[in-house]
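Letter by letter, the chains look like this.
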Amino acid sequence: MRVKFPVMFRLLVLLPSALLTEPVRSNEVVLLDTTAVLGELGWRTYPVNGWDAITEMDEQNRPIHTFQVCQVMEPNQNNWLVSSWVWRGAAQRVFVELRFTLRDCNSIPWVAGACKETFNLLYRESDTPPNHTDQRLHPADYAKVDTIAADESFTQTDLGDRVLRLNIEVREVGPLSRRGFQLAFQDVGACIALLSVRVFYKKCPSTRRNLALFPDTVPQVAASSSLVEVPGRCVAHAEEERDAPRLYCGADGDWLVPLGRCVCSIGYEEDHGLCTACSPGSYKSFVGNIRCSKCPTNSQSGPASPVCTCEKGFYRTHSDAPSTACTRPPSAPRNLLFSMNDSSLFLEWAPPLDSGGRRDLTYVVRCWRCGAAGSCDPCGDAVQGLSSTRVAVQDFLSHGNYIFQVEALNGVSALANRRPAASNISISTEHAKPSLVGAIRREWASHTSIALSWHEVEQPPAPILDYEIKYYEKEREHQSYSSLRSQAARVIVSGLKPSTLYVFHVRARSAGGLSSFSLKAEFSTAAQSAEVVGTRGSVLVMALAAVGGFSLLVILTLFLLITGRCQWWIKSKMKSNEPRRTHYHNGHVVPFAGVKTYVDPDTYEDPTQAVHDFTKEIDPARIRIERVIGAGEFGEVCSGRLRSLGRKETAVAIKTLKGGYTERQRRDFLHEASTMGQFEHPNIIHLEGVVTKSRPVMIIVEYMQNGSLDTFLKNHEGQFTVVQLVVMLRGIAAGMAYLSEMGYVHRDLAARNILVDKGLVCKVSDFGLSRMLEDDPEGSYTSIGEKIPIRWTAPEAISYRKFSSASDAWSYGIVMWEVMSYGERPYWEMSNQDVILSIEEGYRLPAPLRCPVALHQLMLHCWQSDRNLRPHFCDMLSFLDKLIRNPSSLLTLVEDMNGLAESPGSPDYPFFISIGDWLDSIKMSQYKSNFIAAGYTTLDSVATMCIEDVRRIGVTLIGHQRRIVSSIQPLRLQLLQAQHNNFHI
Ligand code: ADE
């Protein structure tokens, strides 16, 4: 007897086809899907009345092939349903997914023990489809795959309805070796509806990873866990990096374990997994996944350029990096002049207006002597390679006519197809009179006047009657000039225009006639609004008056709050009776126990040993360069990522050494790493390591998201609170305190050399050896040809190269000023020469707008001419900490003090921020340890001392006792005054 499916069951079987199928996954290759077969399936049933094939149409009029069997009333059922032949394609192993429903026997009334709840899945392999003439079933040819049972069958709901549960079962069939196979479904007495059969195998689909293409790959069947290694092929315009790209295809069709990679070739950059050509106007000169860079100035490029070519008239030397601007030969030297004394003829000129964009300017001087007939012959070989703008000519005839020519050259002059620009001067030595006037000095300048003075030559041949002063506006050199007379060797030239550059020269008149003119001197009048230059004396007075007596009370009250670090530091040193300062010779530190000291890598005989000792070699495979962020002296600076073992990737800055370097350049480049590698402090830029064993040579440091401090402040003008600015300064002071304790002198401390991270933490950077030579754009040549950033450098360092932590303290004061003025240029547009002169004369930068008194006082303290009186970094650090902890101490601004009278008797200078500082000022530093050891750690504790106390702490010389006690008295008075004024911070 045949049990038919109830009507409700039939209805439920006819589910919408969308419910019967799932979207095909991209890593599956389908060999058979009964839901997708539009025509006859061609399956056979044995016996013919066993399985029932039903084909119905879905809502889109597509056939749904189902097979049902439900012969549950009769025992010994053996009903076979055999599929058509399926080609196995590339598969060695296939999956069969069955969707079916199976009725549980308990739900069928009157069935006896014959009812079953499983069926069997079998298969038979063959190389060809079965012969149409022989359609008999040969059960023995089939291998069993599995017995299939339902996970879900009909269930009875509370309402008495029967609800269909769809079963989905997947079985693996294989390994397959013949070209195809048939499936068979053997029913032994169950009630089954087979709704769909899907046969598929898995593959790893073709993919693109790490700029390499990987083809469709079928997993190995041998062991389901084994992986197939698949080599990748680089995408167009990419090339293999160190290791060839590889992926592994897993048994489930998933790609695993990417190894190696491709990177974009020169002229191409990565874009969404492909390498696309650099757009016109940009270039990429080395292989790697960095972005194309904009063409440097005066150069251009087409698409996919490895380098930008120079525009017409501009050039690069073979040693210029592709990232450097194209440059041109300089214009002619200007204002070629001569002067004479008895033995020498001097030629002097001004540098060309246009240096061509280069710094390697030199001059060639040629000379011709001309005879009466007008023919001229060279006087000798040309003098080449001059870097100064003055020469002395010694062997010349006293009665001769000469032509001198000065040519300006730079690194690309030889590449330009034209004669270098030159200036000529003709001189008749017979008629040339020596100049009796030496160099002209500017005494002062206001916005309409300039005071000048000069020296006459030591022994004028005849008494000088008066002087003629000739001057003109620099910009109108060839248009008009004025002259004045003066009987003294000085003059005040008035009626000038504000902010204007004038050229002056002077000649003397004696009984013998007029001398030749002195060398020209250029001076500028001051700006009309702020007479910074002209009234530097008065600005000093104003600045000091502004922060005068009352503010001193602020500072003194702050002293009372200072405890801690610095004193602890001194104490801890005292325990072992060690000197406070590290002694070193030639930069090589003689270390003393407990304090880590800096070792100058130059003191190593073998500099690579220093690199080895102080840095970590990094495997370049761990570095991913992302983009160029700047150009250093030695090559590009890039940002990127560093993969660390067991840590996630960190952002890094990568300094590269450009190709074609000399051994010396490599050593200088790595010098910075050997220096940085010795430091470990939260306010010092951290060295991750170096790459020296492969090209390019690289230095890897932590990445600072906000870049350099000066630019950062300029871009965020007025956006921070005073306390935020002081916290930045505090960070810099902490870094510098650490460096000075290690015996390292920075020499180029400036806001441009401080980097800022994303949390606004400031870190000291730039430890390059070369910055003293070429790297710092602020560097200017001193009289002895050394390059120094004048505005940031202490006077003793400019004058006689006395660099020390005290000269760093001066620079720190300038950094404070830069920070409080949001990146303003120190001394604005004053010339370097004027800066030097005005400092010598006592001028100091006035407080920036909205600058707290306490901070300007600290700046002035850093700028004391006597370097021994400048504060130590550890003192500054505790001072700034106190300010941060007591923000109300920052409320009194310098501009609020204007108009307040100075408190009588309170000196402008010096003010003290520690005991050490105070003892230094009275030249009694040798007793610092006595004070600390006896427990006098704060200035207010010192204020209570009498001569007996001073003697008791070990000051035995009566003269010293007196000097100390007499300088305690003003401290005490001022302390009382602060308390009396009830001035709380
Ligand atoms: N420029 C130079 N060094 C840098 C760094 N470490 N982080 C960000 N920008 C930089």
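Computed from a prediction, not measured in an experiment: that's the story for all the values here.

Peer 1: Give a detailed account of the packing of helix α6 (residues 607-614) against helix α7 (residues 663-676), specifying residues and quantitative values.
Peer 2: For the pair α6 and α7, interaxial distance at closest approach is 9 Å and the crossing angle is 30°. Between α6 and α7, the angle is such that the two are roughly parallel. Judged by the sense of rotation from one axis to the other, the crossing of α6 with α7 is left-handed. When α6 is examined against α7, the residues P607, T608, A610, V611 and F614 are found in contact with a partner set consisting of R666, R667, L670 and S674. Looking at the contact of α6 with α7 residue by residue, the class counts come to five nonpolar, two polar and two charged.

Peer 1: Which residues make up the site of the ligand, and what are the values?
Peer 2: All residues in the neighbourhood of the ligand are listed as I629, A653, V701, E702, Y703, M704 and L755. Between E702 and the ligand, the recorded distance is 2.8 Å, taken from a backbone N or O atom to a nitrogen atom. Here a nitrogen atom of the ligand and a backbone polar atom of M704 are 2.8 Å apart. When the ligand sits alone it has 260 Å² of accessible area, and the protein chains cover 80% of it. Of the residues belonging to the shell around the ligand, the class tally is six nonpolar, no polar and one charged.

Peer 1: Residues and numbers for unusual backbone geometry, please.
Peer 2: Between Y46 and P47 the backbone carries a cis peptide bond, its omega angle lying at -10°. Topologically, P47 is positioned in the loop between β2 (44-46) and β3 (52-57). Cis peptide bonds are those with omega within 30 degrees of zero, and the linkage from G174 to P175 qualifies with 0°. Following the sequence through the fold, P175 ends up in the loop between β12 (167-173) and β13 (180-187). Backbone geometry places L211, a non-glycine residue, at a positive phi of 65°. Relative to the elements of secondary structure, L211 occurs in the loop between β15 (207-209) and β16 (212-214).

Peer 1: Run through the pairing of strand β48 (residues 636-642), naming residues and quoting values.
Peer 2: Judged by how many residues are buried, β48 sits mostly within the fold: six of seven residues are covered. Looking at chain direction, strand β47 (residues 623-631) and β48 are connected through seven bridges and run antiparallel. Directly across from G630, in β48, lies its bridge partner V637. Across six bridges, β48 lies against strand β49 (residues 650-656) in antiparallel orientation. Looking at the pairing, S639 lines up with A653 of β49.

Peer 1: Give a detailed account of the sheet that holds β49, specifying residues and quantitative values.
Peer 2: Reading across from one edge, β47-β48-β49-β51-β50 is the order of the five strands in this open sheet, with antiparallel pairing throughout. Bordering the open sheet on either side are β47 and β50 (687-691), each of which pairs with just one other strand. Adjacent strand axes in the sheet meet at a mean angle of 25° when their direction is disregarded. One ladder, built from four bridges, connects β50 with strand β51 (residues 698-702); its direction is antiparallel.

Peer 1: Lay out the confidence of the model for the protein in plain terms, naming residues and giving numbers.
Peer 2: Model confidence for the protein is summarised by a mean pLDDT of 82, while 82% of its residues fall at 70 or above. Low pLDDT (under 50) marks residues 1-20, which in the prediction has 47 contacts with non-local residues, meaning those over four places away or in another chain. Of the regions scoring below 50 in pLDDT, residues 770-774 engages in 18 contacts with residues more than four places distant in sequence or in other chains.

Peer 1: I'd love a proper account of the packing of aromatic side chains, names of residues and values included.
Peer 2: Scanning the model with the defined rule gives 28 aromatic pairs in all. Each ring, one from F95 and one from F200, has its centre 5.6 Å from the other, and the planes form 20°; the classification is stacked. Residue F95 is found in strand β7 (residues 94-102), and its partner F200 is found in strand β14 (residues 191-202); the two are separated by 105 residues along the sequence. Accessibility expressed as a relative area gives 9% for F95, which makes it buried. Taking 6.2 Å as the distance between ring centres and 85° as the angle between the ring planes, the aromatic pair formed by F679 and Y738 counts as edge-to-face. Here Y738 lies in helix α9 (residues 722-741) and F679 lies in the loop between α7 and β50, a separation of 59 residues in the sequence. Accessibility assignment for this pair places F679 and Y738 in one class, buried.

Peer 1: Any details on the state of the cysteines? Residues and values, ideally.
Peer 2: In total, this model carries ten disulfides according to the counting rule given. Between the sulfur of C105 and that of C115 lies a disulfide, 1.9 Å long from S to S. Around the S-S axis, the bridge from C105 to C115 shows a dihedral of about -80° and counts as left-handed. Highlighted residues: C105 in the loop between β7 and β8 (118-126) and C115 in the loop between β7 and β8, separated in sequence by ten residues. Residue class for C115 comes out buried when judged on its relative accessible area of 11%. The partner cysteine of C310 in its disulfide is C326, sulfur to sulfur 2.0 Å. Taking the torsion about the sulfur-sulfur bond, which here is approximately -75°, the covalent link between C310 and C326 counts as left-handed. Here C310 is found in strand β28 (residues 309-310), whereas its partner C326 is found in the loop between β28 and β29 (334-340), with 16 residues between them in sequence. Residue C310 is classed as partly exposed on the basis of its relative accessible area, which comes to 24%.

About the thresholds
- Residues numbered from 1 in each chain as written.
- Predicted model: local features only at pLDDT ≥ 70, side-chain atom pairs only at ≥ 80, totals over all residues.
- Heavy atoms only, no water.
- Axes fitted to C-alpha atoms, helices over the stretch in contact; angles between N-to-C directions.
- Helix = DSSP H or I, 4+ residues; strand = E, 2+ residues; numbered from the N terminus.
- Parallel < 35°, antiparallel > 145°, perpendicular 65-115°, else oblique.
- Left-handed = near helix turned anticlockwise from the far one by under 90°.
- Contact = heavy atoms within 4.5 Å.
- Nonpolar A, V, L, I, M, F, W, Y, C, P; charged D, E, K, R; others polar.
- Near = heavy atom within 4 Å.
- Polar contact = N/O pair within 3.5 Å; in protein donor to acceptor, adjacent residues only side chain to side chain.
- Areas by Shrake-Rupley, 256 points an atom, 1.4 Å probe, with all protein chains shown as cover.
- Buried < 20%, exposed > 50% of the residue type's maximum accessible area, 1.4 Å probe, protein only.
- Pairing = 2+ DSSP bridges.
- pLDDT = per-residue confidence, 0-100.
- Phe/Tyr/Trp six-rings, centres within 6.5 Å; stacked < 30°, edge-to-face > 60°.
- Disulfide = S-S within 2.5 Å.

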